[in-house]
Amino acid sequence: MSSRDVILGRVRRALGGPAGAPQSYATDIDRDYLRAHGERTTAQTVDLLAENLADYRAVVHRCTAAELPVLIARLLAERGPGSVLVPPGTAPEWVPDGGHARVEDRAGSTPAELDRVQSVVTGCAVAVAETGTIVLDGSPGQGRRRVSLIPDHHICVVRVPDQVVDSVPRALERLDPARPLTWISGPSATSDIELDRVEGVHGPRTLEVILMSGD
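Small disclaimer: the values here were computed from a predicted structure and weren't measured.

Chemist: When you look at the overall build of the protein chain in this model, what are you seeing that I'm missing?
Modeler: When its secondary structure is counted, the protein chain shows five helices and twelve strands. Among the 215 residues that make up the protein chain, the fraction classed as buried is 41%. Approximately 12000 Å² of the protein chain is accessible, and the part contributed by carbon and sulfur atoms is 53%.

Chemist: Please clarify how the nonpolar core should be interpreted in this entry.
Modeler: Across soluble globular proteins, you tend to see nonpolar side chains buried next to one another. Core analysis: the largest hydrophobic core is formed by 19 residues, its most contacted members being Leu 49, Ile 134, Val 158, Val 209 and Leu 211. Those elements that place two or more of their residues in this core are helix 2 (42–55), strand 6 (133–136), strand 7 (153–160) and strand 12 (206–213). The element contributing the most residues to this core is helix 2, with five residues. Setting aside chain neighbours within four positions, we find Val 158 in contact with Cys 124, Ala 127, Ile 134, Gln 163, Val 164, Val 209, Ile 210, Leu 211 and Met 212. Listed in part, the 16 residues of the second largest apolar core include Leu 68, Leu 71, Val 84 and Met 212.

Chemist: Whenever I open this one, the sheet that holds strand 3 (residues 101–103) confuses me. Can you help?
Modeler: Remark on secondary structure: sheet strands pair via backbone hydrogen bonds, oriented parallel or antiparallel. Taken together, the six strands give an open sheet; going across it, the order is 1-12-7-4-2-3, and neighbouring strands pair in parallel fashion. The open sheet has two edge strands, strand 1 (59–64) and strand 3, and neither has a second partner. Recorded for the sheet is a direction-independent mean angle of 25° between the axes of neighbouring strands. In the sheet, strand 7 pairs with strand 12 via eight bridges, with the strands oriented parallel. Among the inter-strand pairings, Ile 155 is bridged to a residue of strand 12, identified as Glu 208. Packed on one face of the sheet, helix 2 meets strand 1, strand 7 and strand 12 and runs near 145° to strand 1.

Thresholds applied
The written sequence of each chain sets the order in which its residues are numbered from 1. Confidence filtering applies because this is a predicted model: local features only for residues at pLDDT of at least 70, side-chain atom pairs given and counted only at 80 or more, and all residues used for totals across whole chains, interfaces and linings. As a rule here, side-chain values cover all heavy atoms of the structure and leave hydrogens and water aside. Each helix is a run of H or I in the DSSP string that is no shorter than four residues. Each strand is a run of E no shorter than two, and both are numbered from the N terminus. Summary of the burial criterion: residues with accessible area below 20% of their type's maximum are buried, those above 50% are exposed, and those between are partly exposed, where the area comes from a 1.4 Å probe applied to protein chains only. Computed with the Shrake-Rupley method and a 1.4 Å probe, the accessible areas treat only the protein chains shown as cover for residues. Buried Ala, Val, Leu, Ile, Met, Phe, Trp, Tyr and Cys residues that are joined via side-chain atoms within 4.5 Å together make up what is termed a nonpolar core. Contact between two residues is taken to exist if any of their heavy atoms lie within 4.5 Å; hydrogens are not considered. In short, DSSP must find at least two bridges between two strands for them to pair. Every axis in this analysis is a line fitted to C-alpha atoms, fitted for helices over the stretch in contact. Angles between the N-to-C directions lie between 0 and 180 degrees.

Structure follows, in structure tokens:
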């Protein structure tokens, strides 16, 4: 038995689990943790998501499906003339032609080319209310991971309430671990040893999340 096995065995005993190595992580590991903290209505869950997104300095908007194209057009216009990346599979009515140059999400695009793109508009796979997190998995309408990390301005559309869950455990049930998962909690930010906050170092400087209700 290796030193690693000895240490992990002690940890399992301290947690009240079996002392030996687990035969199956699906059955031998106790996962009796809370799946959500408290009881909430659907509306309260969405409100909690909005509150935690804002706490992470994301800009939160609410609209109906019919209002979405006008809202996205306004958010892009506020950034000034420029280009917008729209991943394949995005609903065409989300970002109508005109106003901004549309950039294709191509496998051969270089980081320098993507860095010249002003904004990107994506959907998401799921949004976690308790952590204020949106998750992208590369499905149609979300694009490759890099399209949400290089442009300085990211607009992400969350379908409410279908894509909103209470907690991380409930989000994991909806996600395929074999897909490229990108977990985003607010715009990119980091701090140095003196706690000076810098945004936009390893992701978008501005994250705008649209909570869209209706089909």
